[in-house]
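# Analysis of the macromolecular model
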Amino acid sequence: MLDRLTDLILFRYTNQGKDDNSNSTPYITMGSIVWGGLVRIGIIIVVTWSVVEYYDLRDYWMIPLLLIVAFVIYPASRQYYHFTGRIEVMQEETLCGSCKHFDPTSQLCRVFDEHVSTTYIPCEGDSWEPLSYEERS
Ligand code: SF4
């Protein structure tokens, strides 16, 4: 729990080496990217608001914006590119990647509501249904 919270605040960079398609539970998903961004923006707002009020630093209003870019937008974009690249590989390498029940934004099987990976296919192929032509493009 503490490990996960720390990773969230530290942009999960510590986990990026571990986050691959063989994990039964992915470290980075769209949900974790958004949640991590919200946690960090909340911390930045509370801290900068307190500092600005205490030291009367209203002339330095650009600093919170730069902090948000550096600690929220930039890490979130790095995580997003890491995540989408990993999912693209998963879609090419696994049976689930070509199944209509696979949700790439959360790496979930919609039928079993479980994360899929290169080492774990919840239905073992029994519920596989091909993507339609429109879904593929
Ligand atoms: S139904 Fe089976 S093949 Fe399709 S996403 Fe779920 S586990 Fe994968």
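Our subject is the structure listed above.
The structure reproduced in this document is the subject of the present report. (Residues numbered from 1 in each chain as written. Predicted model: local features only at pLDDT ≥ 70, side-chain atom pairs only at ≥ 80, totals over all residues.)

The helix and strand inventory of the protein stands at 5 helices and 3 strands. From first element to last, N terminus to C terminus, the protein shows the α and β order α-α-α-α-β-β-β-α. Burial statistics for the protein: of 137 residues in total, 16% are counted as buried. Residue pairs at least 24 apart in sequence account for 61% of intrachain contacts in the protein once pairs closer than 6 positions are excluded. (Helix = DSSP H or I, 4+ residues; strand = E, 2+ residues; numbered from the N terminus. Buried ≥ 20, exposed ≤ 12 C-beta atoms within 10 Å, placed from the backbone. Contact = placed C-beta atoms within 7 Å.)

As a matter of local geometry, the ligand sits amid 14 residues, with Cys96, Cys99, Cys109, Cys123 and Ser127 nearest to it. Taken together, the residues of the shell around the ligand sort by class into 12 nonpolar, 2 polar and no charged. (Near = placed C-beta within 6 Å. Nonpolar A, V, L, I, M, F, W, Y, C, P; charged D, E, K, R; others polar.)

Moving on to the packing of helix 3 (residues 30-55) against helix 4 (residues 62-93). Their axes nearest at 10 Å, the elements helix 3 and helix 4 cross at an angle of 170°. Considering the angle they form, helix 3 stands roughly antiparallel to helix 4. Across the interface between the two elements, Ile33, Gly37, Arg40, Ile41, Ile44 and Thr48 of helix 3 pack against Pro64, Leu67, Ile68, Phe71, Val72, Ala76, Gln79, Tyr80 and Phe83 of helix 4. Looking at the contact of helix 3 with helix 4 residue by residue, the classes come out as 11 nonpolar, 3 polar and 1 charged. (Axes fitted to C-alpha atoms, helices over the stretch in contact; angles between N-to-C directions. Parallel < 35°, antiparallel > 145°, perpendicular 65-115°, else oblique.)

Looking now at helix 3. Across its 26 residues, helix 3 extends 37 Å between first and last C-alpha, which sits within 8% of the 38 Å expected from 1.5 Å per residue. Turning to helix 3, its buried residues are Ser32, Ile33, Gly36, Gly37 and Arg40. Positive phi appears at Asp56, one or two residues downstream of helix 3, with a value of about 55°. (Expected span 1.5 Å × (residues − 1).)

A sheet is described by the order of its strands in space; here 3 strands give the open sequence 1-2-3, paired in antiparallel fashion. For this open sheet the edge positions go to strand 1 (102-103) and strand 3 (114-115), each flanked by a neighbour on one side alone. Bridge count between strand 2 (residues 108-109) and strand 3: 2 bridges; the pairing is antiparallel. Among the inter-strand pairings, Cys109 is bridged to a residue of strand 3, identified as Glu114. (Pairing = 2+ DSSP bridges.)

Moving on to the environment of Gly97. The residue Gly97 is located in the loop between helix 4 and strand 1 in this model. A C-alpha to C-alpha distance of 9.9 Å links Gly97 and Thr118, two positions 21 residues apart in sequence. Not counting the four nearest positions on each side in its chain, Gly97 is found in contact with Met90, Gln91, Glu92 and Phe102.

All right, on to unusual backbone geometry then. Unlike most non-glycine residues, Gln107 shows phi in positive territory, near 60°. Within the secondary structure layout, Gln107 lies in the loop between strand 1 and strand 2. Phi at Asp113 is positive, roughly 55°, even though this residue is not glycine. Note on placement: Asp113 falls in the loop between strand 2 and strand 3.

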